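Listed below, chain by chain, are the residues.
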Number of protein chains: 6
Amino acid sequence: MALVPLLKDEAACPRARAVYDDIRATRGTDYINNIWRALANDPAQLESTWREVKRVMAPGALDALTKELVYLAVSATNNCSYCLHTHAASARAKGMTEAMFSELMQVVYLASHTNRVAIGLQVEVDERYGQPPVAGPT
Amino acid sequence: MALVPLLKDEAACPRARAVYDDIRATRGTDYINNIWRALANDPAQLESTWREVKRVMAPGALDALTKELVYLAVSATNNCSYCLHTHAASARAKGMTEAMFSELMQVVYLASHTNRVAIGLQVEVDERYGQPPVAGPT
Amino acid sequence: MALVPLLKDEAACPRARAVYDDIRATRGTDYINNIWRALANDPAQLESTWREVKRVMAPGALDALTKELVYLAVSATNNCSYCLHTHAASARAKGMTEAMFSELMQVVYLASHTNRVAIGLQVEVDERYGQPPVAGPT
Amino acid sequence: MALVPLLKDEAACPRARAVYDDIRATRGTDYINNIWRALANDPAQLESTWREVKRVMAPGALDALTKELVYLAVSATNNCSYCLHTHAASARAKGMTEAMFSELMQVVYLASHTNRVAIGLQVEVDERYGQPPVAGPT
Amino acid sequence: MALVPLLKDEAACPRARAVYDDIRATRGTDYINNIWRALANDPAQLESTWREVKRVMAPGALDALTKELVYLAVSATNNCSYCLHTHAASARAKGMTEAMFSELMQVVYLASHTNRVAIGLQVEVDERYGQPPVAGPT
Amino acid sequence: MALVPLLKDEAACPRARAVYDDIRATRGTDYINNIWRALANDPAQLESTWREVKRVMAPGALDALTKELVYLAVSATNNCSYCLHTHAASARAKGMTEAMFSELMQVVYLASHTNRVAIGLQVEVDERYGQPPVAGPT
């Protein structure tokens, strides 16, 4: 059970309602996920979080599906059950196949393993990788 | 300073040397990263880890660059300095531009934020996302 | 379902019962939270944990409510559902308003974001902050 | 060594320079921390992060020092060396005494311990704490 | 609810069925845990994970029970409810007494505490412990 | 650089000096690790932490070396460089061979992998493992 009320439309203040409306328009669905209804208890926070989600998840140098895959990988690593369920659905809606999901998770498992090797054995960064960054192509 | 010796070629046993050789052939470079020299203290472990890296990071339903991006996202979330340095280099070598790196990290930051919202407020999974999986396309 | 039995009063040994009694007297309630009933399976551990809770959470240079807020922030970061539920209740009982809870969590989200920036980009500590500590006022 | 260049004033683009100027004006210091110089490689990200820092860390229902303490607690839990060093300095500058710092960290240690008890033993949330939230005072 | 179907025997492909058979033969039980039924959606992954579990958890320099204890300690630290439940059962089946479980978890709690001291206060490694490894007995 | 001074003997207060003396007597060495010199800034905390270390790490149902192995596993999972260095040394001093260290770390890597499978795919606990605990032998 959430630690704050999940505000239905009629319980939300006008500022929060305006964000709900923008979510509906942007996503082309009438459904508002629970996380927005939790954030609506503080409208400034709701506005700021929604603005960031729109800005960051929009296609740019990376396409929208790749961003969903990265989001899923972080959510698995952070152990966020809520985000795994909701973003598995949105990644599938954006075209993630089961083969892609399986390969994605296997990279997550591999990095979980090899990150722990480097940390557990305290392997020092190779001299060649610890140099000032030479930026790649822009 | 690593907790085990980083084995130079001449200090590695024949089984480990064979893996070094395969790494060199596969990657087309003479350089062996420190993590392999640390794992070489236990050749069975070195073989098994290298086999998994080759299997999982090979292009499949996801291309090799996307896999590097996911690997970087997990390494940032797991706070693995070693893996961030080495895989930022390999992702750049595979074509990651600075704009892609910036967008990748912004998805990581956003998920770090919104994962914490869902966890911190203990938001329950929406009923519609907690259903038995209806697999997407294969 | 807990991995050990939650010991009711009549199932607890006398040493554990004595701690239950002290919890009741200290907190002015007859209710014993599940975590203590789990720890009661090892009375030495129960005693030691309760002694630390009393020592550390008592008001001192920081007041009791500030300590609850910090405790909540750590529990959100550690993803402890049990502790979030119980300490949200105790923080509210000590005077945490909804506005305070919202601001608290926003600091948690912000730090989750900016910690990840510093880690993900491997930003080195500014020379001025890496000096031997000059202690502040005592 | 950071994975992106730390942009000196003369290397930063005008949008990034404008943020540097606002940081200087807001904080009353000429010094710009490394994290901002790293974020400056993507000016939209720099602007958005700085706007959130200003919004969230400003005194409100919680005072500025309490917010610094919470930020430190999260940074310790997330293992962020950079943020611990910079925010220990800013917390001390805002009035954190050594006794406050010590008590703060002891709450962090205690929660690290008791969070792990609840998680490790899989203690279920007491029925009374798992009810729909009855909001406290606003 | 899992994000992928848990494949019953009749839904699993022949490669996955062969792994199920080997699990049954190796463990001397007809029961297949849910995690294997989830992994069975990608038979290569199922094979590789099962091969590693057999290789790593087999008695060697450490006996099988000690390995289960270490596995439990990591699962508690990683907050893996699934793994805590299944491996508490297998550790008990291998001879873990309640006193052993209690002491195991207390080491986990202690390390959670003292790890956080070292990290939170940014204690530098003593010069004597940061030297090149002098290997112990083999 | 630590965030608090590491107190040399002559800088420590009498209560802290008494703990230093007990550490020396208990461990049969004149050397005091940095973490104790950091904790000495708050003598009550130093006393309480040292008391717990002595109580928890003493041989009981688990021998002292097994406890060191578990401590190392948690420190690797928590990414504590300080604790990995100091406890690798103390585990080796208590008899940990290089083969034991290698197997220990492989269990840590395996659990890092399989914990992430169970979490990433949100595998539900098998009904048979989610029952009320039937305690094993005491």
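Up top is the structure these notes are about.
Worth saying up front: this structure is predicted, and the values here are computed from it rather than measured.

Undergrad: Can you walk me through the relation of the copies chain A and chain E in this structure?
TA: Superposing the two chain copies requires a rotation about an axis and a translation along that axis. Between the two copies, chain A and chain E, the superposition gives an RMSD of 0.0 Å; the rotation angle is 120 degrees and the shift along the axis is 0.0 Å. Interpreted geometrically, this transformation is the action of a three-fold axis. The rotation axis passes nearest to the C-alpha of Asn79(A) in chain A, at a distance of 4.5 Å. An asymmetric contact is evident, with only 10% of the interface residues of chain A recurring at the interface of chain E.

Undergrad: It is not clear to me how the interface of chain F and chain E should be interpreted in this structure. Could you clarify?
TA: The accessible area lost on association of the parts is a frequent measure of interface size. Taken residue by residue, the interface counts 74 residues in chain F and 74 residues in chain E. Both faces considered, chain F and chain E share a buried interface measuring about 6,600 Å² in area, 68% of it formed by carbon and sulfur atoms. Of all residues in chain F, Val107(F), Leu110(F) and Tyr129(F) bury the most surface against chain E, accounting for 9% of the area lost on that side. For the pair chain F and chain E, the number of links is two salt bridges. Note that Glu103(F) is salt-bridged to Lys67(E), the shortest N-O span being 3.1 Å. Taken together, the connections running from chain F to chain E amount to 30 residue pairs in polar contact (both at pLDDT 80 or more). For the side of chain F that touches chain E, the elements supplying multiple residues, two or more each, are α2 (34-39), α3 (43-57), α4 (64-77), α5 (81-93) and α6 (98-120) of chain F. Take the side of chain F that touches chain E: its biggest share by element is 19 residues, from α6(F).

Undergrad: How do you make sense of unusual backbone geometry when you look at a structure like this?
TA: Among all residues save glycine, negative phi is the norm, and among peptide bonds the norm is trans. Unusually for a residue other than glycine, Asn79(D) sits at a positive phi of about 65 degrees. Note that Asn79(D) resides in the loop between α4 (64-77) and α5 (81-93).

Undergrad: Before we go on, may I ask you to explain the environment of Leu72(D) in this structure?
TA: Residue and element names in this part refer to chain D. Residue placement: leucine 72 occurs in helix α4. By relative accessible area, leucine 72 is classed as buried at 0%. As a C-alpha pair, leucine 72 and histidine 85 span 13 residues in sequence and 9.2 Å in three-dimensional space.

Undergrad: I tried to follow the relation of the copies chain F and chain E on my own but got confused; where do I start?
TA: The transform that puts chain F on chain E rotates by 180 degrees and translates by 0.0 Å along the axis, for an RMSD of 0.0 Å. Viewed as a symmetry operation, the transformation between the two copies matches a two-fold axis. By residue overlap, the copies meet face to face through one surface: 100% of the interface positions of chain F are interface positions in chain E.

Undergrad: How do you make sense of the environment of Asn78(F) when you look at a structure like this?
TA: With respect to the secondary-structure elements, Asn78(F) resides in the loop between α4 and α5. Overall, Asn78(F) belongs to the buried group, its relative accessible area being 13%. Setting aside residues up to four positions removed in sequence, Asn78(F) forms contacts with Asn79(D), Thr77(E), Ser112(E), Asn115(E), Arg116(E) and Ile119(E). A polar side-chain atom of Asn78(F) sits 3.0 Å from a polar atom in the side chain of Asn115(E).

Procedures and definitions
Residues numbered from 1 in each chain as written. Chains lettered and ligands numbered in written order. Predicted model: local features only at pLDDT ≥ 70, side-chain atom pairs only at ≥ 80, totals over all residues. Heavy atoms only, no water. Least-squares fit on C-alpha atoms with pLDDT ≥ 70 in both. Contact = heavy atoms within 4.5 Å. Buried area = accessible area lost by both parts, 1.4 Å probe. Salt bridge = Lys/Arg side-chain N within 4 Å of Asp/Glu carboxyl O. Polar contact = N/O pair within 3.5 Å; in protein donor to acceptor, adjacent residues only side chain to side chain. Helix = DSSP H or I, 4+ residues; strand = E, 2+ residues; numbered from the N terminus. Buried < 20%, exposed > 50% of the residue type's maximum accessible area, 1.4 Å probe, protein only.

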